[in-house]
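Secondary and tertiary structure notes
The chain contents come next:
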Amino acid sequence: TGSNVALTAAWAGAGTFTYGTSTLVMAKSGTQNITVPHNYNIGNLTINDGSTTQLLIHNWDAGLIDIYGNLTVNEKFKAHANSSSAMVRMREATTITIGSDVRTTALAEMGQFMFDLSGSINVPELTTKVITISNGTVVATGDLTLTTELEVNSGTTFNANGNTINTAEVDVNGGTLNLSNSTLNFATAGQEWNMTSASTLTTGNTTVTGYSSGNP
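Basis of the calculations
Residues numbered from 1 in each chain as written. Predicted model: local features only at pLDDT ≥ 70, side-chain atom pairs only at ≥ 80, totals over all residues. Heavy atoms only, no water. Helix = DSSP H or I, 4+ residues; strand = E, 2+ residues; numbered from the N terminus. Buried < 20%, exposed > 50% of the residue type's maximum accessible area, 1.4 Å probe, protein only. Contact = heavy atoms within 4.5 Å. Areas by Shrake-Rupley, 256 points an atom, 1.4 Å probe, with all protein chains shown as cover. Pairing = 2+ DSSP bridges. Axes fitted to C-alpha atoms, helices over the stretch in contact; angles between N-to-C directions. Salt bridge = Lys/Arg side-chain N within 4 Å of Asp/Glu carboxyl O.

Now for the overall build of the chain. In terms of regular secondary structure, the chain is built from 1 helix and 21 strands. Evaluated residue by residue, the chain yields a buried proportion of 45% over its 216 residues. For the chain, restricting intrachain contacts to residue pairs at least 6 apart in sequence, the fraction spanning at least 24 positions comes to 37%. Accessible area for the chain stands at about 10,300 Å²; split by element, carbon and sulfur atoms hold 46% of it.

With that settled, the discussion passes to the sheet that holds strand 10 (residues 96-98). Spatially, 4 strands are ordered 1-4-7-10 in an open sheet, and the strand pairing comes out parallel. The open sheet has two edge strands, strand 1 (23-26) and strand 10, and neither has a second partner. Strand-to-strand twist of the sheet, defined as the mean angle between neighbouring strand axes without regard to direction, takes the value 10°. In terms of strand pairing, strand 7 (residues 71-73) meets strand 10 through 3 bridges, oriented parallel. Bridging across to strand 10, valine 73 finds its partner in isoleucine 98.

Inspection of the entire model under this criterion finds 6 salt bridges. Among the ionic pairs, glutamate 109 bridges to lysine 76, the shortest N-O distance being 2.8 Å. Of this pair, glutamate 109 sits in the loop between strand 10 and strand 11 (112-123) while lysine 76 sits in strand 8 (residues 76-79); the two residues are 33 residues apart in sequence, bridging distant segments of the chain. Judged by its relative accessible area of 33%, glutamate 109 is partly exposed. Between glutamate 109 and lysine 78 there is a salt bridge, with the nearest N and O atoms lying 3.3 Å from each other. In this pair, glutamate 109 sits in the loop between strand 10 and strand 11 while lysine 78 sits in strand 8, placing the two residues 31 residues apart along the sequence. The class of lysine 78 is buried, set by a relative accessible area of 17%. Sharing partners across several salt bridges, the network here consists of Asp66, Arg89, Arg91 and Asp116.

Now the structure itself:
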């Protein structure tokens, strides 16, 4: 509007943000948006208890936010209705923390949870639509529910690490799927388990359960 008052009111009233060390905290009670271009980088991100934070990709249905620091979700981080395919991509072997009371809801409406990093990252108990591993190793440290797909790409590893993985589809495209001492449960109808010839399956004390007796 050209008004200094309006411009001032559009920004946070306090706090100094230092790139690489500071944490962006979404603290509003109720619903708020993070609106970014098609691709955007961020350091540490915390979603406070009581805040439903929506990821809106400006003028795009799909797009992503790259997180190079720690991700903490104590309420809900979801894709905006206008960006239903929006995704979060972890870019470093940092820490993911999900509030104990929101494990089934915190990321359940995010379009995709992607990992493109060097090294290994732990993923705690949570529910989300898709986990995609483009680079690095993902280690489950709790039971995971993936309502659409687990995708393990060439040169990457997914380690179930003794936990139960509930999913609708598994695609291993040249990566390693480690199910030792773990359970893979196809929890919905129409499930698929696809592995290319270059893929590796590691088992031992492993249980795989289909959706019904007619689907192994």
